[in-house]
Amino acid sequence: MARKLLRYCSESHKGGETLDYTLRIPLRQHVGSPCKPVVNEGDTVKKGQLIAAPEKLGANIHSSASGRVKAITEEYIEIEPDKEQPEGFVPIKETDSIIEAIKEAGIVGMGGAGFPTHIKMDVDLQGGVVIANGVECEPLLEHNVRQMEKEPEKVYRGIKYAMEATNASRAYIAIKAKNKKAIEAMKSVIDDPRIEVKEMPDIYPMGEERALIRDILGQLLKPDQLPKEARAVVSNVETLARICEAVEEKKPVISKNVTVVGRLKSGRKAHVFFDVPIGTPVSELINMAGGIEGEYGEIIMGGPFTGKAVDLDCVVTKTTGGIIVTDPLPKEKKKAGLLVCGCGANEARLREIAQKMGACVAGVERCKQVVDARGTIKCENPGNCPGQAEKILKLKKSGAEVLIVGTCSDCTNTVMGVAPKLKMPVYHHTDHALRTVGHHLVRKLKK
């Protein structure tokens, strides 16, 4: 059931000709308030047509297919697509401004944050720096790396547009050192001495923007500071590619690149899908990747560290990065202590994991570097942990017999220096996702 609107990189599938499922396009796919529909039920719409616009903070939403508006609710616009879809799309309005093109196209942070890009880029860096985030720090996800391998020119041109829009004098492309093909692909298109590739370590959360600024620029921002205070803008590589499309092709954001991986009949190898129509049901995309094999545990939308468990009828949005079908979670009847990290799972997610494992929660502690900032929790120094012995001892005293942790690579490393000595088994909240594909678990770091 592959469709013409779907351009994807998968060794075991070929493209099709039709779109035969209903699209449900959420009115909130961004940081900010839901958009207001500008179409009515029963209207005929074209692919790329504006269907909802923000009244406050937000980003334009366009139809990802030609068809008929079937229903409008407070949460989404449902579109019944025409079976045969056009190759083209309704272009955004003409403008000489990069920022206006970004705004018209409805571009948001497509690495998962969803902050409206026209607001992020509307800053004078006064000769500062653009950092293209191609780290893809979440394990199992591959679509950012694959895009750099296959479309380096588009990403590169997007970087140059971002530099022009923000008055930046330099740019760095951050890529994990292990992704050699992506590194070589990006280096092959660079013809500007102001732009260079920076190779990053394979640890989590290396792609977090404050971690990138710290490791590339040598400046550690406070948890409540924004990158602009380091005269920097950090943007995901898919976001930059969409900027290129908006400026050069007048193309709105109507699709998303997604990795589908896990407990699939086609095997445990990742499938990278390019240009998945916004509003596509998760169930459809999983079927295109081969379908679910047997009993599964969770369907995670996003990466193993920061993703959330969703149902099969959930849909692809501008911020969807991964769809992971996991093995069933292990059963654990002992009392569990939860350790919350500012870089990984929050308390609600750890409690959800504990409940699905059958564990009773005996106590909850925060990593010693967690602080409250801008309505959420942040790490004081992402990925650099001073030790967790005090927190683990508190959980032990609260009656915890096992640990369920949502910690980054280095935090987990320090946990593993203490917990085994206290005879406390450790479960990381990513375990069931990583075990599904035989990926090494987050535990003691190798020297």
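Residues numbered from 1 in each chain as written. Predicted model: local features only at pLDDT ≥ 70, side-chain atom pairs only at ≥ 80, totals over all residues. Heavy atoms only, no water.

To continue, consider the overall build of the protein. Of the regular secondary structure elements, the protein holds 12 helices and 23 strands. Taken over the C-alpha atoms alone, the protein extends approximately 65 × 50 × 40 Å along its principal axes. The proportion of buried residues among the 447 residues of the protein is 58%. By element, 47% of the accessible surface of the protein is carried by carbon and sulfur atoms, the whole surface being about 18,500 Å². The average position of the 66 basic charges and that of the 59 acidic charges among the side chains of the protein differ by 6 Å. (Helix = DSSP H or I, 4+ residues; strand = E, 2+ residues; numbered from the N terminus. Buried < 20%, exposed > 50% of the residue type's maximum accessible area, 1.4 Å probe, protein only. Areas by Shrake-Rupley, 256 points an atom, 1.4 Å probe, with all protein chains shown as cover. Lys, Arg positive; Asp, Glu negative; His and termini not counted. Charge placed at Lys NZ, Arg CZ, Asp CG, Glu CD.)

To continue, consider the UniProt feature "domain: RnfC Barrel sandwich hybrid" (unreviewed entry) in the protein. As annotated by UniProt and renumbered to match this structure, "domain: RnfC Barrel sandwich hybrid" (unreviewed entry) occupies residues 21-77. Helix makes up 0% of residues 21-77 and strand makes up 39%, while its end C-alpha atoms are separated by 14 Å. (UniProt positions renumbered as here; feature names shortened; annotations may be inferred.)

Another aspect to go through is helix α5 (residues 180-189). Count 3.6 residues to each turn of an α-helix, and residues three or four apart come out pointing the same way. Looking only at α5, the buried set comprises A182, I183, A185, M186 and V189. Buried residues in α5, looked at end-on, bunch into an arc of 165 degrees, giving them a common side. Exposed side of α5, more than 90 degrees from the buried face: K180, K181, E184 and S188 are the residues found there. Against α3 (143-150), α4 (152-166), β10 (168-176) and β11 (195-200) lie the buried residues of α5. (Arc of directions from axis to C-beta. Contact = heavy atoms within 4.5 Å.)

We now examine the packing of α3 against helix α7 (residues 237-249). Following both chains from N to C, one finds α3 and α7 inclined at 45 degrees, their axes separated by 9 Å at the closest point. Judged on the interaxial angle alone, α7 and α3 are oblique. Taken together, the residues of α7 that come into contact with α3 (itself represented by H143, N144, Q147 and M148) are V237, E238 and A241. Counted by class, the contact of α3 with α7 contains three nonpolar, three polar and one charged residues. (Axes fitted to C-alpha atoms, helices over the stretch in contact; angles between N-to-C directions. Parallel < 35°, antiparallel > 145°, perpendicular 65-115°, else oblique. Nonpolar A, V, L, I, M, F, W, Y, C, P; charged D, E, K, R; others polar.)

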